[in-house]
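The residues making up each chain are set out below.
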Amino acid sequence: MKLKFFTPNFKLAIDLALRDLEIKYKRSFLGWLWLLLTPLCLLGIYTIIFGKVFGIEWQSHVTNKSESVGFSLPFFVGLAIYLMISDLVNSSTSLFVSKRTYVVKSPFPLWVLWFANLIRVGVHGAVALLLVIGLAIIQQRFTLTGAVWMFINILNIAVFMAGLSLLLVSLGPFIGDISEAIRLLLRVLFYATPITYPLSLIDEPFQEWMWLNPLTNMVVPLRSAIVFGVPGSIWKIASFSLSSIVLFFLAYWVFSRVKGVVSDVV
Amino acid sequence: MSSDLLLSAKGINKTYSSSMHPIATLRHALFGGKVSKRDEYPVLKNIDLDICHGETVGILGRNGAGKTTLLGILGNVIQPTSGRVERYGRIATLLGLTAGFNVNFTGRENAYLFCSIQGLTRNETDQRIDAISDFADIGRYFDLPIRTYSSGMQARLAFSCAVHVDAELIIIDETLAVGDANFRMKCYDRIGQMKREGQTFLLVSHNQNMVANFCTRGIVLEGGAKIFDGNTMEAVEEYKRIRTESMGDSELEGKLLKRNDGKSKLPKDVVIRDIELEERQETEEEVGVISATLVARRDVGPVSVNFGIRNQHGIVVCALDGLQTGFIISGLKKGERKNIEMQFSKRLLPGKYYFSTTVHELIGDVKKPQDLRQNAMSFEVLCDSAMSGIADLGMGVKLAEANSE
């Protein structure tokens, strides 16, 4: 019975997500190419500015002598995560309001809309990930150990995204300030997160503070897995993993409390 | 009976807290706590409702009576504040025109989406898509975005989708009202045909005739409460009674009307009593005469009387506005009685008929209802006639004279 209820709704969520993507790209000339073009163009621009003009580059410390790995690949890992999170956050806060017709006219549970949005963002993320992996393979930095840790980190990121978006979709319709505040916060976080620069560029005492930023917890371990083939700090990974799970349960609690009244306020 | 049960709602309450700030709503949802009574705005009060296989249930009620909210709750779109709804089977819901359509998708894509929301697989939808397109009958618009549609076209598409998803129960909220006459006919035909095949419907309509003609059961909502559930004919009467009473209210509200407490909101300063029917032979034809007595409970100004006769389907056979015929009683003292006679030609064909009458006090050019006797009396016409229907129009058939040579 439980399963009978969930399977069609999962299918529906996938269907809604694909339709959302379709409608987004159907009206454009280049269509699905935008999925590739957006991250690639941003990668190009930032590589020129930060990599070439400012001369930022990453050093590999795996072997004793440090060896430069350039700018584009490590940066791309961070950029991909940042773009995905920013897309997720912006769409989540206004999700129920923008999908008002579904909320007030359609007979399916609200979590389907949240899940569909998560899938849609996930598709963008998956495309970026494939590009990152492609680039890593071209630069011959992709290793098996790295792939295993990459997989673990991606799972972590997925749990965090699920929790974060569930919390935001639940609170968004009630607190109008959230979407504005978060947009501002994201601007700040782009520079407050080691995306365009390595974490080691920050002075030691401040490095620990950087880990309070969830984006750091996603970017640094994933970068270390893909670019350097090592896990980085396993404790950091474990604590982020635990926090993500706690976040998810908190979000689930909030969602189950407010889902009944969402249709009253949108 | 329980195996036939499709939907069962118990103790449904819905309260909106419209004056509350969204953040207050959120705090209340998260941490509970009391909401001040002033903020609470009850829309539905303790509604129980069972719907079984093969029924066609019509819901009547004035604007704001809670019809759409109730449908939303039954169709799993809105969550009730308290109460439980159990659903056994697929329920297709058309709330408003668009049924959750996305205006940027074409009709075809929306049809797929609708079916997908109703739990149909892509294959199942593929098999139905032609039927949906044919029935909606919107031609090349089927492949254009919904935003180019007229409201009638949207309704066509929505209705067509709803009847093709093999739902056990179809819930329709006034969608049909926007279609043109042809399409409405087509929908009614379709509903009729599906009804015969055992399809269950739940309809909301302002149109009493539609409820009277199509439904097997009528429900009347008023002020968020279910005040009637049963026979459609009686439901229609109940609905009309509410409407008439409230009309008196709204026309004169604040100006003239002092409300009486109690069930009926009519002032009843003058009441109609002792309604009786007799048959009489007038000079030319037989007439029915309804005699009644007006009793004044207080001094009242000029009064007039309306009356009418309905058949068992609730259709008005004939009604008379007494004022327009010049029938005015110029005023009644407290305790005064006047006998009146209302008459009509005996042209009714066999069937059961209901007599209703109202008495108005005339204040300026406003008619203030004083007493309403809905279906005060019923009578049956029994005779052997070749004609059937409602009224004897003196029909006949014969050979035309031109044939005789």
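Residues numbered from 1 in each chain as written. Chains lettered and ligands numbered in written order. Predicted model: local features only at pLDDT ≥ 70, side-chain atom pairs only at ≥ 80, totals over all residues. Heavy atoms only, no water.

**Considerations on the packing of aromatic side chains**
Keep this limit in mind: Any two rings among Phe, Tyr and Trp, with Trp reduced to its six-membered ring, count as a pair given centres within 6.5 Å; such a pair is stacked if its planes are under 30 degrees apart, edge-to-face if over 60, and tilted if neither. Partly exposed describes any residue whose relative accessible area lies between the buried limit of under 20% and the exposed limit of over 50%, with all areas from a 1.4 Å probe on protein chains only and scaled to the type maximum. The rule is short: NZ of Lys or CZ of Arg within 6 Å of the ring centre and within 35 degrees of the ring normal puts a charge over the ring.
The tally for this structure, following the rule as stated, stands at 21 aromatic pairs over all chains. Arranged with centres 6.1 Å apart and planes meeting at 80 degrees, the rings of Phe 248 of chain A and Phe 249 of chain A form a pair that is edge-to-face. Relative accessible area serves as the criterion here: at 23%, Phe 248 of chain A is assigned to the partly exposed category. The class for Phe 249 of chain A is exposed, based on a relative accessible area of 53%. A network of ring pairs unites the aromatic residues Tyr 46, Phe 50, Phe 54, Trp 58, Phe 71, Phe 75, Tyr 82, Phe 190 and Tyr 191 of chain A as a single cluster. Positioned over the ring face of Tyr 141 of chain B is Arg 140 of chain B, at 5.3 Å from the centre of the ring. Looking at Arg 190 of chain B, its charged tip hangs above the ring of Phe 135 of chain B, at a distance of 5.5 Å from the centre.

**Details of the interface of chain B and chain A**
The following threshold applies: Note on contacts: a residue pair qualifies if any of its non-hydrogen atoms lie within 4.5 Å across the two residues. Two parts lose some accessible area (1.4 Å probe) when they are put together, and adding that loss for both gives the buried area. Only one rule defines a salt bridge in this text: a Lys or Arg side-chain nitrogen within 4 Å of an Asp or Glu carboxyl oxygen. A run of H or I in DSSP counts as a helix once it spans at least four residues, and a run of E counts as a strand once it spans at least two, with each numbered from the N terminus.
Contact residues are listed per partner, giving 32 residues for chain B and 29 residues for chain A. Summing both partners gives a buried area of about 2700 Å² for chain B against chain A, and 59% of it is carried by carbon and sulfur. Interface area lost by chain B to chain A is led by Leu 26, Leu 30 and Ile 117 of chain B, which between them contribute 20%. Where chain B packs against chain A, one counts zero salt bridges. Listing elements by their share of the side of chain B that touches chain A, those giving two or more residues are β1 (5–16), α1 (22–31) and α3 (107–117) of chain B. For the side of chain B that touches chain A, the leading source of residues is α1 of chain B, giving seven residues.

**Some details on the side chain of Ser 116 of chain B**
The test is simple: Under this definition, polar contacts are N or O atom pairs within 3.5 Å; protein pairs additionally need one hydrogen-donor-capable and one acceptor-capable atom, and for neighbouring residues in sequence, both atoms have to be side-chain atoms.
Position of Ser 116 of chain B among the secondary structure elements: in helix α3. Using a relative accessible area of 12% as the deciding quantity, one classes Ser 116 of chain B as buried. Among the polar contacts made by the side chain of Ser 116 of chain B, one reaches the side chain of Asp 15 of chain A at a distance of 2.9 Å. If we ignore the near neighbours within four places in the chain, the residues touching Ser 116 of chain B are Leu 12 and Asp 15 of chain A.

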